[in-house]
Amino acid sequence: MNSRTIEKFEVKLQDVNKVFCPGDTIYGQVNLKVKEDLKIKEMRLECRGEAYVNWPEYSGSYTRYHYNRERYFNAIEVIFGEEKEKENGVKSSACISQGCYSFSFKFIIPDKYLPTSFEGRHGNIRYWVRAVIDRGLGKSNVKTKPAPFMIGDYVALEDFENVSEALVEEEIKKTGMSCFRSGTLVLRAETDRGGFKEGDVIHVSVLVTNETPYNVACIEVSLVQRSLFVDIGGGKTFSDHTICDVRKQGVLKGWEQEFPNISLAIPSTTYPTLISCKCIAVLYFIQITAKFKGKLTKNGYLEMPVVIASSDDETVIEAQKNAQKKPASLRPLRRRGTFFCVTAQNTLLYKQDNSNMDFSDQEEVDDFIASHLSRTKQSGYNFTANSNKSLPRKQNHSSAFASRHEPERKVVNSNGQFKLISAV
């Protein structure tokens, strides 16, 4: 702790393993133990939801850091120490007497679209609550560790176009160099549809035509998760993670071979497709890799974009589905085919518009993804705070549980709602 007077200061949430939905209520406690009387300006609760990306770019001895942020809500409520003015106009400080205190509170999550919690290599989407003791001018604030909670978004296949149609992709690759023998490698793959759910099995049929002077050592078919991160200036980076893969035998030079019905089992814990965040996208594709024997020949690749949606078998996901205000059939579809398989050579993304990124009511999908959200934003709540017991305090010092209504602390709508239940 920054103050030696404070022995214990923490936030504890109930149901920390639960996946919450917009409109749900989170219950928690702020536990405080002070060794001696402590003068403070105020003690407040903060609840925040935001996406954040950050990665370094090295160039010799120079390092440039890329970053971006999208905030979904930022709720602040004073629970103790409302400043009151003396007759001479000088504001007095609140005082917390020596002892142990517990503040029970609840927070109503804004009833609007919120992306699923996510942890990636260069960024994350996090939701958390913390308490802050503001000690006044010239003194550092004392903050608790953020108490995180999980938000789940039900991603339905109905949110995407054409995912029920069969997919066919083909890639023609010329191998060899100008001074060596060359040839053509043709990779062709197809599936019965382009959209799947967590726990489903993808069936892929692959046709390999090897018209090169080299033997293909093996064929690998894998489901790859691509996490795309976009900085404030539109710069991009990504990281790939293989979800599952299958290896097949190779193809001799001059031969053509078909591999029918290759099965890829999608784990039930797979993160669903995410395209609704301004600075983070989670995409999936089936990758076909033809590995050649020999060091002078590059491998052949084929990428086939797919969509991974939430499973209907999980009770948590079902609750998230019921929390949506509109049925999937009435929500606008997420456009498919303009954002998949982003590579360093072909990003398939539009220029990013950052004019509104610092506001909590910003557009839910930026221009860098040619798609519209499948859920509309809904109005939230105003702040209220109630109390049934006050803290012991010294004489000549004023303090109370109250909601502060200063003009400069005007809260943007749809930030959620804090309510103080009790103080002990």
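Residues numbered from 1 in each chain as written. Predicted model: local features only at pLDDT ≥ 70, side-chain atom pairs only at ≥ 80, totals over all residues. Heavy atoms only, no water.

- Naming follows an unreviewed UniProt entry, where the protein appears as Arrestin C-terminal-like domain-containing protein of Porites lobata.
- Database annotation for the protein, UniProt heading Sequence similarities (unreviewed entry): "Belongs to the arrestin family." (UniProt positions renumbered as here; feature names shortened; annotations may be inferred.)

**So, the overall build of the protein**
Part 1 of the reasoning: Of the regular secondary structure elements, the protein holds one helix and 25 strands.
Part 2 of the reasoning: When contacts within the protein are restricted to residue pairs at least 6 apart in sequence, long-range pairs at least 24 apart make up 74% of them.
Part 3 of the reasoning: For the protein, the exposed area adds up to about 21000 Å²; of that, 46% sits on carbon and sulfur atoms. (Helix = DSSP H or I, 4+ residues; strand = E, 2+ residues; numbered from the N terminus. Contact = heavy atoms within 4.5 Å. Areas by Shrake-Rupley, 256 points an atom, 1.4 Å probe, with all protein chains shown as cover.)

**Section: a negative patch on the surface**
Part 1 of the reasoning: On the surface, Glu190, Glu211, Glu256 and Glu258 cluster together to form a negatively charged patch.
Part 2 of the reasoning: Topologically, Glu258 is positioned in strand β22 (residues 256–265). (Patch = residues over 30% accessible without salt bridge, like charges linked within 9 Å, V, L, I, M, F, W, Y side chains within 5 Å. Salt bridge = Lys/Arg side-chain N within 4 Å of Asp/Glu carboxyl O. Lys, Arg positive; Asp, Glu negative; His and termini not counted. Charge placed at Lys NZ, Arg CZ, Asp CG, Glu CD.)

**Topic: the packing of aromatic side chains**
Part 1 of the reasoning: Evaluated as defined, the whole model comprises six aromatic pairs.
Part 2 of the reasoning: With a centroid separation of 6.1 Å and an interplanar angle of 35°, the aromatic rings of Tyr127 and Phe149 are classed as tilted. With a gap of 22 residues between them, Tyr127 in strand β12 (residues 123–134) and Phe149 in the loop between β14 (147–148) and β15 (150–151) connect regions that are remote in the sequence. For the pair Tyr127 and Phe149, one class covers both residues: buried.
Part 3 of the reasoning: Joined through ring pairs, the aromatic side chains of Phe20, Tyr72, Phe73, Phe107, Tyr127 and Phe149 make up one cluster. (Phe/Tyr/Trp six-rings, centres within 6.5 Å; stacked < 30°, edge-to-face > 60°. Buried < 20%, exposed > 50% of the residue type's maximum accessible area, 1.4 Å probe, protein only.)

**Quick word on the side chain of Thr144**
Part 1 of the reasoning: Secondary-structure assignment places Thr144 in the loop between β13 (142–143) and β14.
Part 2 of the reasoning: In this structure Thr144 comes out as buried when scored by relative accessible area, which is 5%.
Part 3 of the reasoning: Within polar-contact distance, the side chain of Thr144 engages the backbone nitrogen of Ala131 at 3.0 Å. (Polar contact = N/O pair within 3.5 Å; in protein donor to acceptor, adjacent residues only side chain to side chain.)

**Quick look at the environment of Lys278**
Part 1 of the reasoning: Relative to the elements of secondary structure, Lys278 occurs in the loop between β22 and β23 (280–292).
Part 2 of the reasoning: By relative accessible area, Lys278 is classed as buried at 4%.
Part 3 of the reasoning: In this structure, the C-alpha to C-alpha distance between Lys278 and Phe229, residues 49 residues apart in sequence, is 9.1 Å.

**Considering the nonpolar core**
Part 1 of the reasoning: Membership of the largest hydrophobic core comes to 77 residues, with the highest contact counts inside it found for Phe149, Ile280 and Ile286.
Part 2 of the reasoning: For this core, the leading source of residues is β23, giving seven residues.
Part 3 of the reasoning: Counting 11 residues, the second largest nonpolar core, distinct from the first, contains Leu157, Phe160, Val163 and Val230. (Core = buried A, V, L, I, M, F, W, Y, C linked by side-chain atoms within 4.5 Å.)

**Topic: the sheet that holds strand β24 (residues 300–309)**
Part 1 of the reasoning: With respect to topology, five strands assemble into an open sheet ordered β18-β24-β23-β20-β21, the strand pairing being mixed. The strands lining the two open edges of the sheet, one partner per strand, are β18 (195–197) and β21 (236–251). On average, each strand axis in the sheet is tilted by 30° relative to the strand beside it, whichever way the strands run.
Part 2 of the reasoning: Sheet analysis places strand β20 (residues 216–230) next to β21, joined by 14 bridges and oriented antiparallel. Residue pairing across strands places Ile219 opposite Lys248, the latter belonging to β21. (Pairing = 2+ DSSP bridges. Axes fitted to C-alpha atoms, helices over the stretch in contact; angles between N-to-C directions.)

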